[in-house]
Amino acid sequence: MTSYMLRRLIGSFIVMWAVATLVFFMLRLVPGDPVAAMLADAGGPDEIAAMKARLGLDRSVFVQYGIWFSNMLQGDLGSSIYGSRIEVARIIAEALPRTLSLSLLAFLIAMVIAIPAGIISATRRNTMTDNTVSLFAFLGLSMPDFWLAIILIIIFAANLQWLPAIGYTPMDEGLWQWFRHLILPAIAIGTAFSAIIARMIRSSLLEVLNSDYMRTARAKGLTPRMLMFGHALPNAMIPVITVIGIAFALLISGAVVVENVFAIKGLGRVLIEGILNRDYPVVQGAVLVVSAIFVFSNLIVDLLYGLIDPRIRLN
Amino acid sequence: MTLLNIKGLAIDVDRDGQTRRLVHDASFEVDRGETLAIVGESGSGKSLSALATMGLLAEGLSVSGGEILFDGRDIVQMDAQEVNDLRGNEIAMVFQEPMTSLNPVRSIEAQLTEGMRLKMGLNRRAAMARALELLNEVGISDPEERLRQYPHQLSGGMRQRVMIAIALSCEPKLILADEPTTALDVTIQAQILALTAKLCRDHDVGLVLITHNLGIVARYAQNVAVMYGGRVVEKASARDLYSGAKHPYTRGLLDSVPRLDLPRDTPLSPIPGAPPDPTEEISGCRFHPRCAKATEVCVTDIPQMRPAERHEVACWHPNLTAKTKTGAVA
């Protein structure tokens, strides 16, 4: 298990390196560059050359890559090329907690809905309850998150005025304030996610409930609670966890869109502004962090596998 | 009072709004310390009868007639909670597929002790101690180590021994073993059967041994019920059945088993045709399409179980005083 984890960890860093490198070169292939974006038509050839030299863009792409890479290994992600040239690390340090809070809250809400919904519809298969859950699941899946976000703002922020429509308050300024700002975007992102997971749990549970070992467990005369939580659910969750791992990545990309609707300056907004301005260092840094989140959420899924399934843990 | 007395059991399946009968008027009984073998091909209704006794019939299947008297109480009339109270501590079951019958994500300890902790109220330590005892009893070496392991680390024979330990764990009065050795290597089969039969005798447990293999019946069972197409067609003691089967189907089964004590050129006589689909409607005796002795009455009228020379047989033309082909006593 330890050597497996070590291999996975090394693999994760290779993936992150590959993503960072790819993004580095792709950014430079995209038409338009930061100098043109900043000076527009105002600068003469001398000014352009001077600015390129200042930003280090006059050197060959490979030299630029070498410098960026060696800086990155030392923990230096560079600075924004705009305005007061804020360090990329600081921009990310500010944006990341917002995106992570949002995604994790969305994840929690989704699971709190999905697990009971999946269990109920599996144990009451083809009843009214099951059909109702399925109907809501399809509704949840069919609504685009940005649209749901707008509807939620209209209902809960504009009309009922229960919750703020935009913005973000850090957790240390009060848990309730933090929660009030995040609950609507979290629901907007989490709804589709919870629908997917509820459907997955339902079908996985149905298969498990028909298995031989469930019959053995019933033959022991166990209580319904022991059957569900001791025997059925741990097995049913094994395939679901894979989906959760993949879907968590979707959650982050959902956050990118929904952050814009709710004007939360998270990683998504940083990324989009960076791309529009050709702010190379910011985009590179943000992508690196996003890929780290992807890679490590998959790593956590692998760890959970081992935790739940002894066949993986012990082989 | 007989431990288990099944009278006129009927089991129906509901499929696409149609009701079909899978088990017709089945009766058998077994007492403590006694072994009853139920013999038949797949689809003969033998497993269904056992599952009905456990109250574990799959969705769509239901008991539509008869009584299942356990210690004098009718399981058919009990509500779900009452049946669940019987399961494990009064009636236990060993299933056919040891490879899939244990939960892959739970340790042997968890699966062996949970029943005892729930049904006998043992604490963890007492349940562990009893688990070790049970594993020893079913012939598993190094039981401390095994308790920590998971099903995938055990061989098929080993898993079936664990299943037997689970079945015995809450000191049931009755164990239903549904083809417990079919999925195992031949060398292991005999060990597991001998073990099951011995433990049931030692603990004064009634055993219902469901099998399609007549060969194993003679050694381990006192009484035999032969099922065909959802009906019990013949009942006798194992000795009587081997020395003189009355029903043509039972005779066919015995004649189609290869035997080493006959000359090598003795041809096997298999039963012609194939067993019927359990839901198929067949008039009269369900065996008549495959029976060499069938007459008009076999096609029109259902034969009832009647006593015949220490047997009970449901046949219009039972083989009275006849021996099996060679006259040998198995």
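Quantities reported herein were computed from a predicted structural model and do not represent experimental measurements. (Residues numbered from 1 in each chain as written. Chains lettered and ligands numbered in written order. Predicted model: local features only at pLDDT ≥ 70, side-chain atom pairs only at ≥ 80, totals over all residues.)

Trainee: Would you mind going over the overall build of chain B with me for this structure?
Mentor: The helix and strand inventory of chain B stands at 11 helices and 12 strands. Look at the contacts in chain B between residues 6 or more apart in sequence, and 65% of them connect residues 24 or more apart. (Helix = DSSP H or I, 4+ residues; strand = E, 2+ residues; numbered from the N terminus. Contact = placed C-beta atoms within 7 Å.)

Trainee: Can you walk me through the overall build of chain A in this structure?
Mentor: Assigned secondary structure in chain A consists of 13 helices and zero strands. When the elements of chain A are put in sequence order from the N terminus, they spell out α-α-α-α-α-α-α-α-α-α-α-α-α. Considered along the principal axes of its C-alpha atoms, chain A spans approximately 85 × 55 × 35 Å. Taken over 315 residues, chain A has a buried fraction of 35%. In chain A, the share of contacts with a sequence separation of at least 24, taken over all contacts with a separation of at least 6, comes to 72%. (Buried ≥ 20, exposed ≤ 12 C-beta atoms within 10 Å, placed from the backbone.)

Trainee: Is there a simple way to think about the interface of chain B and chain A in this case?
Mentor: When the parts of a complex come together, some accessible area is lost, and that lost area is often used as the size of the interface. Each partner contributes to the interface: chain B provides 24 residues, whereas chain A provides 20 residues. Mapped onto the side of chain B that touches chain A, the elements with two or more residues apiece are α2 (80-86), β6 (91-94) and α3 (108-119) of chain B. With four residues, α3 of chain B is the largest single contributor of residues to the side of chain B that touches chain A. Per-class residue counts for the side of chain B that touches chain A are 11 nonpolar, eight polar and five charged. (Nonpolar A, V, L, I, M, F, W, Y, C, P; charged D, E, K, R; others polar.)

Trainee: When you look at the sheet that holds strand β4 (residues 61-70) of chain B in this model, what are you seeing that I'm missing?
Mentor: Two modes of strand pairing occur in sheets, parallel and antiparallel, and in both the strands are linked by backbone hydrogen bonds. Residue and element names in this part refer to chain B. Spatially, four strands are ordered β2-β1-β4-β5 in an open sheet, and the strand pairing comes out antiparallel. Edge positions in the sheet fall to β2 (18-30) and β5 (73-74), since each has one partner strand and no second. Bridging between strand β1 (residues 4-15) and β2 involves nine bridges; their strand directions are antiparallel. Directly across from Leu 9, in β2, lies its bridge partner Ala 26. Along the sheet, helix α1 (residues 46-54) makes contact with β1, β2 and β4, crossing β1 at roughly 105°. (Pairing = 2+ DSSP bridges. Axes fitted to C-alpha atoms, helices over the stretch in contact; angles between N-to-C directions.)

Trainee: Would you explain the domain arrangement of chain A in this entry?
Mentor: Residues and elements named next belong to chain A. According to the domain assignment, chain A consists of domain 1 (2-73) and domain 2 (88-313). Each partner contributes to the interface: domain 1 provides 14 residues, whereas domain 2 provides 14 residues. At the level of elements, α1 (2-29) and α2 (34-39) are the ones that each hand at least two residues to the side of domain 1 that touches domain 2. Counting residues per element, the side of domain 1 that touches domain 2 draws most heavily on α1, at nine residues. Broken down by class, the residue content of the side of domain 1 that touches domain 2 amounts to 10 nonpolar, two polar and two charged. (Domains from an automatic or database assignment.)

Trainee: Is there a simple way to think about the environment of Met 214 of chain A in this case?
Mentor: Residue and element names in this part refer to chain A. Along the chain, Met 214 turns up in helix α9 (residues 212-219). Separated by 13 residues in sequence, Met 214 and Leu 227 have C-alpha atoms that sit 7.5 Å apart. With residues near it in sequence (within four places) discarded, Met 214 still touches Val 208, Leu 209, His 231 and Ala 232.

Trainee: Please explain the pairing of β4 of chain B as it appears in this structure.
Mentor: Residues in a regular strand project their side chains so that they alternate between the two faces of the sheet. All names here are of chain B. Two strands pair when backbone bridges link them, and β1 and β4 are joined in this way by eight bridges, in the antiparallel orientation. The residue bridging Lys 7 from the neighbouring strand is Glu 67, located in β4. Both β4 and β5 contribute to a ladder of two bridges, which runs antiparallel. Across the sheet, the residue bridging to Phe 70 is Arg 73, located in β5. The turn joining β4 and β5, which pair antiparallel and follow one another in sequence, is formed by two residues; a positive phi near 50° is taken by Asp 71.

Trainee: I would appreciate a short explanation of the domain arrangement of chain B in the present structure.
Mentor: Residue and element names in this part refer to chain B. Domain boundaries in chain B define domain 1 (4-227) and domain 2 (229-313). Spacing between the C-alpha centres of domain 1 and domain 2 amounts to 27 Å. Contact residues are listed per partner, giving 25 residues for domain 1 and 21 residues for domain 2. Of all the secondary structure elements, the ones that give two or more residues to the side of domain 1 that touches domain 2 are β2, α8 (214-220) and β9 (223-228).

Trainee: Teacher, can you tell me more about the sheet that holds strand β12 (residues 311-313) of chain B here?
Mentor: All names here are of chain B. Pairing is mixed across the open sheet formed by eight strands, whose spatial order is β6-β7-β8-β3-β9-β10-β12-β11. The sheet is open, and its two borders are formed by β6 and β11 (306-308), each paired with just one other strand. Here the average twist between neighbouring strands, direction ignored, is 20°. Bridge count between strand β10 (residues 231-237) and β12: two bridges; the pairing is antiparallel.

Trainee: Got a minute to help me understand unusual backbone geometry in this structure?
Mentor: Glycine aside, residues mostly have negative phi, and peptide bonds are mostly found in the trans state. Unusually for a residue other than glycine, Gln 161 of chain A sits at a positive phi of about 55°. Along the chain, Gln 161 of chain A falls in the loop between α7 (145-159) and α8 (175-209). The phi angle at Asp 142 of chain B is positive, at roughly 55°, despite the residue not being glycine. By the element assignment, Asp 142 of chain B lies in the loop between α4 (124-137) and α5 (143-148). For Asp 142 of chain B, a count of 9 C-beta atoms within 10 Å translates into the label exposed.

Trainee: Would you explain helix α10 (residues 248-255) of chain B in this entry?
Mentor: Because each turn of an α-helix spans 3.6 residues, side chains separated by three or four positions end up pointing in the same direction. Residue and element names in this part refer to chain B. The buried count for α10 comes to six of eight residues, which makes it a mostly enclosed element. For α10, the set of buried residues is Pro 248, Tyr 249, Thr 250, Arg 251, Leu 253 and Leu 254. On its buried face, α10 sits against α8, β9, β10 and α9 (238-243).

Trainee: When you look at the packing of helix α5 (residues 88-123) of chain A against helix α10 (residues 224-261) of chain A in this model, what are you seeing that I'm missing?
Mentor: Packed helix pairs are characterised by how far apart their axes lie and by the angle those axes make with each other. Residues and elements named next belong to chain A. Between α5 and α10, the least distance of the axes is 9 Å, while the angle of their chain directions is 145°. Relative to α10, α5 is oriented so that their crossing is right-handed. Where α5 approaches α10, its residues Thr 99, Leu 102, Ser 103, Ala 106, Phe 107 and Ile 119 are matched on the opposing element by Met 228, Phe 248, Leu 251, Ile 252, Ala 255 and Glu 259. Grouping the amino acids of the contact of α5 with α10 by side-chain chemistry returns nine nonpolar, two polar and one charged. (Left-handed = near helix turned anticlockwise from the far one by under 90°.)

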